[in-house]
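If you want the building blocks of each chain, they are given just below.
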Number of protein chains: 2
Amino acid sequence: MSVIHTILTGDRPTGPLHLGHYAGSLRSRIALQGEHRQTLLIADLQALTDNAGRPAHVATNVLEVALDYLAVGIDTDRTTIALQSQLPALADLATLYMNLVTVARLERNPTVKAEIEQRGFARDIPAGFLCYPVSQAADITAFRATLVPVGDDQVPMIEQTNEIVRRVNRLANADVLPECEALLSRTPRLPGVDGRKASKSAGNAIALGATPDEITAAVNTMYTDPGHVRASDPGRVEGNVVFAYLDAFDADAMAVAELKARYRHGGLGDMVLKRRLIDLLEHHIAPIRAQRAALAQDLGYVRTIIERGTAIARGITDETAGEVRRRAFSLDPIAAA
Amino acid sequence: MSVIHTILTGDRPTGPLHLGHYAGSLRSRIALQGEHRQTLLIADLQALTDNAGRPAHVATNVLEVALDYLAVGIDTDRTTIALQSQLPALADLATLYMNLVTVARLERNPTVKAEIEQRGFARDIPAGFLCYPVSQAADITAFRATLVPVGDDQVPMIEQTNEIVRRVNRLANADVLPECEALLSRTPRLPGVDGRKASKSAGNAIALGATPDEITAAVNTMYTDPGHVRASDPGRVEGNVVFAYLDAFDADAMAVAELKARYRHGGLGDMVLKRRLIDLLEHHIAPIRAQRAALAQDLGYVRTIIERGTAIARGITDETAGEVRRRAFSLDPIAAA
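Residues numbered from 1 in each chain as written. Chains lettered and ligands numbered in written order. Predicted model: local features only at pLDDT ≥ 70, side-chain atom pairs only at ≥ 80, totals over all residues. Heavy atoms only, no water.

Some details on the domain arrangement of chain A
By a widespread convention, an interface's size corresponds to the accessible area lost as its parts come together. Residue and element names in this part refer to chain A. What the domain assignment reports for chain A is domain 1 (6-190 + 298-336) and domain 2 (212-295). The straight-line distance from the C-alpha centre of domain 1 to that of domain 2 is 34 Å. Opposite the 16 residues of domain 1 that make contact, domain 2 presents 12 residues. Between domain 1 and domain 2 lies a buried interface of about 1200 Å² when both sides are counted; carbon and sulfur atoms form 68% of it. For the domain 1 face of the interface with domain 2, the top three residues by lost area are Leu 19, Ala 71 and Leu 190, together amounting to 44%. Linking domain 1 with domain 2 are 2 salt bridges, by the criterion used here. Taking the shortest distance from any N to any O, the salt bridge between Arg 292 and Asp 68 comes out at 2.6 Å. Applying the counting criterion to the domain 1 and domain 2 interface returns 4 residue pairs in polar contact (both at pLDDT 80 or more). Among the elements of the structure, α1 (19-32), α3 (55-72) and α14 (299-329) are those that each provide at least two residues to the side of domain 1 that touches domain 2. The element that contributes the greatest number of residues to the side of domain 1 that touches domain 2 is α3, accounting for 6 residues. Residues belonging to the side of domain 1 that touches domain 2 are distributed by class as follows: 12 nonpolar, no polar and 4 charged. (Domains from an automatic or database assignment. Contact = heavy atoms within 4.5 Å. Buried area = accessible area lost by both parts, 1.4 Å probe. Salt bridge = Lys/Arg side-chain N within 4 Å of Asp/Glu carboxyl O. Polar contact = N/O pair within 3.5 Å; in protein donor to acceptor, adjacent residues only side chain to side chain. Helix = DSSP H or I, 4+ residues; strand = E, 2+ residues; numbered from the N terminus. Nonpolar A, V, L, I, M, F, W, Y, C, P; charged D, E, K, R; others polar.)

Remarks on the environment of Gly128(B)
Locating Gly128(B) in the fold gives a position in helix α7 (residues 127-130). Look at Gly128(B) and you get buried, because its relative accessible area is 7%. (Buried < 20%, exposed > 50% of the residue type's maximum accessible area, 1.4 Å probe, protein only.)

Looking at the packing of aromatic side chains
Inspection of every chain in the model, using the stated rule, returns 8 aromatic pairs over all chains. For the pair Tyr245(A) and Phe249(A), a centre-to-centre distance of 6.3 Å together with 40° between the ring planes defines the contact as tilted. Highlighted residues: Tyr245(A) and Phe249(A), both in helix α11 (residues 241-249), separated by 4 residues, approximately one helical turn. By the burial criterion, Tyr245(A) is buried, and Phe249(A) matches it. Residues Phe243(B) and Tyr263(B) carry aromatic rings whose centres are separated by 5.2 Å and whose planes lie at 75° to one another, so their mutual orientation is edge-to-face. On the criterion of sequence distance, the pair formed by Phe243(B) in helix α11 (residues 241-249) and Tyr263(B) in helix α12 (residues 253-265) is long-range, its members being 20 residues apart. Given a relative accessible area of 1%, Phe243(B) falls into the buried group. For Tyr263(B), a relative accessible area of 0% translates into the label buried. (Phe/Tyr/Trp six-rings, centres within 6.5 Å; stacked < 30°, edge-to-face > 60°.)

Digging into the interface of chain B and chain A
Residue-level contacts link 50 residues of chain B with 50 residues of chain A. At the boundary of chain B with chain A, total buried surface from both sides reaches about 4000 Å², with 65% on carbon and sulfur atoms. Counting every contact that joins chain B to chain A gives 0 salt bridges. Between chain B and chain A we count 10 residue pairs in polar contact (both at pLDDT 80 or more) in total. Broken down by secondary-structure element, the contributors of at least two residues to the side of chain B that touches chain A are α2 (44-48), α3 (55-72), α4 (88-97), α5 (103-108), α7 and α14 (299-329) of chain B. Here the element with the most residues in the side of chain B that touches chain A is α14(B); it accounts for 7 residues. Partitioned by chemical class, the residues of the side of chain B that touches chain A number 31 nonpolar, 10 polar and 9 charged.

Brief notes about helix α10 (residues 212-220) of chain A
All names here are of chain A. Buried within α10 we find Ile 215, Ala 218 and Val 219. On an axial view of α10, the arc spanned by its buried residues comes to 95°, and they lie on one face. In the core, the buried residues of α10 are packed alongside α13 (270-296). (Arc of directions from axis to C-beta.)

With respect to the pairing of strand β4 (residues 147-150) of chain B
Residue and element names in this part refer to chain B. Examined bridge by bridge, β4 and strand β5 (residues 181-184) share 4 bridges and lie parallel to one another. From the neighbouring strand, Pro 149 faces β5, where its bridge partner is Leu 183. On the question of chirality, the crossover connecting β4 to the parallel β5 by way of helix α9 (residues 155-172) is right-handed. (Pairing = 2+ DSSP bridges. Right-handed = clockwise from strand over helix to strand, strands pointing away.)

A word on the packing of helix α8 (residues 132-142) of chain A against helix α9 (residues 155-172) of chain A
All names here are of chain A. For the pair α8 and α9, the least separation of the axes is 9 Å and the interaxial angle reads 70°. What the angle tells us is that α8 and α9 run roughly perpendicular. As for how α8 packs across α9, the hand of that crossing is right-handed. Counting all contacts with α8, which are made through Tyr 132, Pro 133, Gln 136, Ala 137, Ile 140 and Thr 141, the residues of α9 involved are Met 157, Ile 158, Gln 160, Thr 161, Ile 164 and Val 165. Of the residues belonging to the contact of α8 with α9, the class tally is 8 nonpolar, 4 polar and no charged. (Axes fitted to C-alpha atoms, helices over the stretch in contact; angles between N-to-C directions. Parallel < 35°, antiparallel > 145°, perpendicular 65-115°, else oblique. Left-handed = near helix turned anticlockwise from the far one by under 90°.)

A word on the packing of helix α1 (residues 19-32) of chain B against α11(B)
To describe two helices that pack against each other, one gives the angle between their axes and the distance between the axes. Residue and element names in this part refer to chain B. As a packed pair, α1 and α11 sit with axes 11 Å apart at the nearest point and diverge in direction by 35°. Between α1 and α11 the crossing geometry is left-handed. Across the interface between the two elements, Leu 19, Tyr 22, Ala 23 and Arg 27 of α1 pack against Tyr 245, Ala 248 and Phe 249 of α11. Of the residues that constitute the contact of α1 with α11, the class distribution is 6 nonpolar, no polar and 1 charged.

Observations regarding the side chain of Asp68(A)
Residues and elements named next belong to chain A. Inspection of the secondary structure assignment puts Asp 68 in helix α3. With relative accessibility at 1%, the residue Asp 68 sits in the buried group. Apart from residues no more than four positions distant in its own chain, Asp 68 is found in contact with Pro 16, Leu 17, Leu 208 and Arg 292.

Quick look at the relation of the copies chain B and chain A
When chain B is fitted onto chain A, the two copies agree to an RMSD of 0.1 Å after a turn of 180° and an axial shift of 0.1 Å. The operation mapping one copy onto its partner corresponds to a two-fold rotation axis. Rotation axis and chain B: the residue whose C-alpha lies nearest the axis is Ala91(B), separated from it by 2.9 Å. By residue overlap, the copies meet face to face through one surface: 100% of the interface positions of chain B are interface positions in chain A. (Least-squares fit on C-alpha atoms with pLDDT ≥ 70 in both.)

Let's talk about the nonpolar core
One finds Tyr97(A), Val324(A), Tyr97(B) and Val324(B) to be the most contacted residues of the largest nonpolar core, which totals 105 residues. Ignoring sequence-local partners within four residues, the contact set of Val324(B) consists of Leu93(B), Tyr97(B), Val168(B), Val176(B), Leu177(B) and Phe329(B). (Core = buried A, V, L, I, M, F, W, Y, C linked by side-chain atoms within 4.5 Å.)

Details of the side chain of Thr161(A)
Residues and elements named next belong to chain A. With respect to the secondary-structure elements, Thr 161 resides in helix α9. At 2.9 Å, the side chain of Thr 161 forms a polar contact with the backbone oxygen of Met 157. Residue contacts for Thr 161: discarding those within four places in its chain leaves Ala 137, Ile 140, Thr 141 and Cys 180.

What about empty space enclosed by the protein?
Where empty space is left in the structure can be found by rolling a water-sized probe over the atoms. Summed over the entire model, instances satisfying the criterion amount to 4 cavities of 30 Å³ or more. Of the volumes computed, that of the largest cavity is approximately 460 Å³. Residue lining of the largest cavity: 32 residues in total, with Ala91(A), Thr95(A), Ala91(B), Ala94(B) and Thr95(B) positioned closest to the centre. Contributing elements (two or more residues each) for the lining of the largest cavity: α2 (44-48), α4 (88-97) and α8 of chain A together with α2, α4 and α8 (132-142) of chain B. When its residues are assigned to classes, the lining of the largest cavity shows 15 nonpolar, 15 polar and 2 charged. Put simply, the second largest cavity is a space of about 70 Å³. When the residues that make up the lining of the second largest cavity are grouped by side-chain class, the tally is 5 nonpolar, 3 polar and 2 charged. (1 Å grid on protein atoms, 1.4 Å probe; cavity = no way out; pocket = protein on both sides within 12 Å on 5 of 7 lines; lining within 4 Å. Points joined across faces, edges and corners; volume = space filled by probe spheres on them.)

Okay, structure coming up:
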């Protein structure tokens, strides 16, 4: 008999989602919602940790991300979609946990280190950014999540969360919070069309609502093998973005393996491959695009979905925060103090 | 015509208050409540930043501090007594402000620097402790306080708060929050009986509920001038704890000046001075002690006072947080997103 897990995952609303999200997380969420309790947190507060100067941009993208969720097939009878900023228990728990984690420990966090470097913050990191492993621990534990889908680069976040869980449970002298485990993605991260990390801001990602022309244009600019000039030349498969996308989306793995062999040997042109990928992506994206367009006509419905999910999430997270306050920090309501 | 200010001040509930608090802040709060809107915040969350290991100790002292407030004459028709941990808007605002302040800025804060040193944290500061200037800014601004009584060592906290206020107002493109100013105490900090900094934990402070025997014992151990062996010897007034207490509590400044002159010249024994101080302190403490004992018989009433004050404070702070969220961070409720 398989265990039913509580899963917390989500996205920062800094732009509409793209095919990288679809391959890396959205598809597996659709599978997971059949077996587990799942909450998708639209992390608008976390997005502000490095977008404090453009809050309107974050606010706008809350609905975009929710649209993406619904368009790809997230079933709100099985999955809760909640908005982080409307759950006061999260800031409450983060504030309490901040007393349990040292600055030195946060500075040693490899994920924080890497992201600080990537964002070019140097010493001028916003305090909220340094402390975001604590906020993530608050999010995860508030939902009593036991399974958290992450990339390998996020594993230190899970370790930090479990350190806090053990600290809280020691303070409470009881198992108030469950430890969680990382659910590592089996699919490698999908690159951007230029072979670098895909991101909306870099303009190298394919949006979930991309039109046929946008798909064609994106695939045609895809990085392949600069040494593969004539179709008859042998070509490299590793680092070839077209093959990365075929691996991610082509259900016929045997056919892809055969194409790779022909490409390596020489005799298979980029245009043939790209045509196959364009058809394949259009096949995947067409129903999502249609669904997204239909939902975009009824944003009131999308808002209602977020409101309902957030109300459910508020009940769960308030209950957890109340128990952590009372049992680990002796913060009783006044009447009982 | 004098301006009516909104004052926020308060205490960390880490022990009952003592004569140092009385001389340094409680007496002036009694005066201020006649002229201004005043809130006293019992800062239990802030106390946890360096007492995470002993939350029950903090919880116990919430009522002790409230008892002290009421016993010295805080009038709850004029002053609001509120409990920090029961005001969710404070963690909410602190979380938002954390994105506006860099780690480097927090590390440069002289008050934080000094307190880190004093508490021996070195690099192992809890994150909550490093970030407590942000929490203080959240507290002050949540009440839209314009006047904050502080010691000179806390002036950098006010500067940090006003930096955040200006940042929020720039983001909102409107004066959402008022800047605040420091109200510096005119009375020097009252030393402990041994001449070092007075604190309950050091056991060198005189509690507001001290018995006559406790007062006598404390005054008799007071540090005077080790060179002043015989009454006829000339004695030092500077650093002499007995004179520090006489300066703080003896209304007859002329008489104290005369005693100082005689002490310096030689011919005035410590015992005479200490007897005077014992009588004086008993005169100040006796009514507080009686009032404190009476109130301690009815802790339900004290809890009601805190509950009522906290409910008023919740209304004010929720309103401010809602406005900051909406106007500076575009965090609308979902229905309006």
